[in-house]
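# An overview of the molecular structure
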Amino acid sequence: TSKQITKEATTNTSNNTIPYQELKAIVEQNQNMIWVLDRDQNCVYANEVIFENFNTSPSKEFGKAYLNRFKKTEFPETFDLLEKKLSEEKEFSLEVSVFHCRGHKIWLQLKAIPKISKNEEFDGYILYGTDITVIHEAAASMKKQSELISVLNKEYSKFKKIINAS
């Protein structure tokens, strides 16, 4: 499971250590946004994808600064829910909307995987953000099309009654 992978990845034995540079290279090749949080929910690492998508810098991401992005959403309850989930110290997934550096809204699927220390204790999270904007746009488009079809069906029924009456 993902928890086992996290546990193994954070285990520092001579047989099971991934050198930092190799691990960083793997993370930087990932197209997802990746934040690494410590046990107090402070961001201690953020990958380049985050800096590119939000036109931000480490100083605006590290510590608790990363949370500011979620406070500025159009859904204030999102921030409260995220804080609640982070405090539970267990794996979770959450969809959130945030603003891209170009000013438009994007949707992220956040997946939080707990980091487990060598002492089998909660040691923070690895937080993955996947851009799922196209899924939300497709759903909105399908809803609009469905509404349009419904209107067309009603108008067609009216038209049919007029034709049949004459």
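Here the structure is shown first, and the text comes after it.
Sequence order as written defines residue numbering, which begins from 1 separately in each chain. Reporting in this predicted model follows two pLDDT cut-offs: at least 70 for local features of residues, and 80 or more for side-chain atom pairs to be given and counted; totals over whole chains, interfaces and linings ignore these cut-offs and use all residues. To obtain the side-chain values, all non-hydrogen atoms of the structure were used and water was disregarded.

The next subject is the packing of aromatic side chains. Working definition: a ring pair exists when centres of Phe, Tyr or Trp rings (six-membered ring for Trp) sit within 6.5 Å. Plane angles under 30 degrees give stacked, over 60 give edge-to-face, the rest tilted. Within the structure shown, the criterion is met by 2 aromatic pairs. Measuring from ring centre to ring centre gives 5.9 Å for Phe 92 and Tyr 125, while their planes differ by 75 degrees; the resulting arrangement is edge-to-face. Highlighted residues: Phe 92 in strand 3 (residues 92-99) and Tyr 125 in strand 5 (residues 122-131), separated in sequence by 33 residues. Residues Phe 122 and Tyr 125 carry aromatic rings whose centres are separated by 5.1 Å and whose planes lie at 70 degrees to one another, so their mutual orientation is edge-to-face. Overall, the relative accessible area of 0% leaves Tyr 125 in the buried class. The rings of Phe 92, Phe 122 and Tyr 125 are connected pair by pair, giving a single aromatic cluster. To sit over a ring, a charge needs its Lys NZ or Arg CZ within 6 Å of the ring centre and within 35 degrees of the ring normal. The positively charged end of Arg 69 is found above the aromatic ring belonging to Phe 54, 3.7 Å away from the centroid. Going along the chain from the N terminus, every DSSP run of H or I of four or more residues is numbered as a helix, and every run of E of two or more is numbered as a strand. To sort residues, take the accessible area from a 1.4 Å probe on protein chains only and compare it with the maximum for the residue type: under 20% means buried, over 50% means exposed, and anything in between is partly exposed.

To count toward a patch, a residue needs a relative accessible area above 30% and no salt bridge. Like charges then connect within 9 Å, nonpolar side chains (Val, Leu, Ile, Met, Phe, Trp, Tyr) within 5 Å. We get accessible surface area from the Shrake-Rupley algorithm with a probe of 1.4 Å; when it comes to residues, only the shown protein chains can shield them. The term salt bridge refers to a side-chain nitrogen of Lys or Arg lying within 4 Å of a carboxyl oxygen of Asp or Glu. A cluster of nonpolar side chains, contributed by Tyr 156, Phe 159 and Ile 163, occupies part of the molecular surface with about 330 Å² of accessible area. Within the element layout of this structure, Ile 163 appears in helix 6 (residues 133-165).

Within a sheet, neighbouring strands are paired by backbone hydrogen bonds and run either parallel or antiparallel to one another. For two strands to be treated as a pair, DSSP must find no fewer than two bridges joining them. If you walk across this open sheet you meet the 5 strands as 2-1-5-4-3, and the pairing is antiparallel. Each edge of the open sheet is held by one strand with a lone partner, namely strand 2 (43-46) and strand 3. Between one strand axis and the next, the sheet turns through 25 degrees on average, direction left out of account. As judged from the 8 bridges shared by strand 3 and strand 4 (residues 105-116), these two strands associate in the antiparallel manner. Bridge pairing in strand 4 places Val 98 opposite Ile 106. Residues are treated as being in contact if the distance between any of their heavy atoms lies within 4.5 Å. Here the axes come from fitting lines to C-alpha atoms, over the contacting stretch only for helices, and the angles between their N-to-C directions go from 0 to 180 degrees. The sheet contacts of helix 5 (residues 76-87) involve strand 1 (33-37), strand 3, strand 4 and strand 5, and relative to strand 3 the element is tilted by about 145 degrees. Of the strands in this sheet, strand 3, strand 4 and strand 5 touch helix 6, which is tilted by about 135 degrees from strand 4.

Here we take up the side chain of Glu 61. Assignment of secondary structure puts Glu 61 in the loop between helix 3 (48-54) and helix 4 (68-71). In the analysis that follows, any N or O atom pair within 3.5 Å is treated as a polar contact, provided that within protein one partner can donate a hydrogen and the other can accept it, and provided that, for residues neighboring in sequence, both atoms belong to side chains. For Glu 61, the side chain forms a polar contact with the side chain of Trp 35, separated by 2.8 Å. The residues contacting Glu 61, other than those within four sequence positions of it, are Trp 35, Cys 43, Ala 46, Ile 50, Phe 51, Thr 56, Tyr 66 and Arg 69.

Moving on to the pairing of strand 4. Remember that side chains alternate between the two faces of the sheet whenever the strand is regular. Across 8 bridges, the pairing between strand 4 and strand 5 is antiparallel. The residue of strand 5 that forms the bridge with Gln 109 is Thr 130. Hairpin connection from strand 4 to strand 5: 5 residues lie between these consecutive antiparallel strands, with Glu 120 at a positive phi of about 65 degrees.

Turning our eyes to something else, we now look at the pairing of strand 5. With 5 bridges joining them, strand 1 and strand 5 adopt antiparallel strand pairing. Along strand 5, the bridge assignment pairs Ile 34 with Tyr 128.

By themselves, these figures tell us nothing about what the structure is for.
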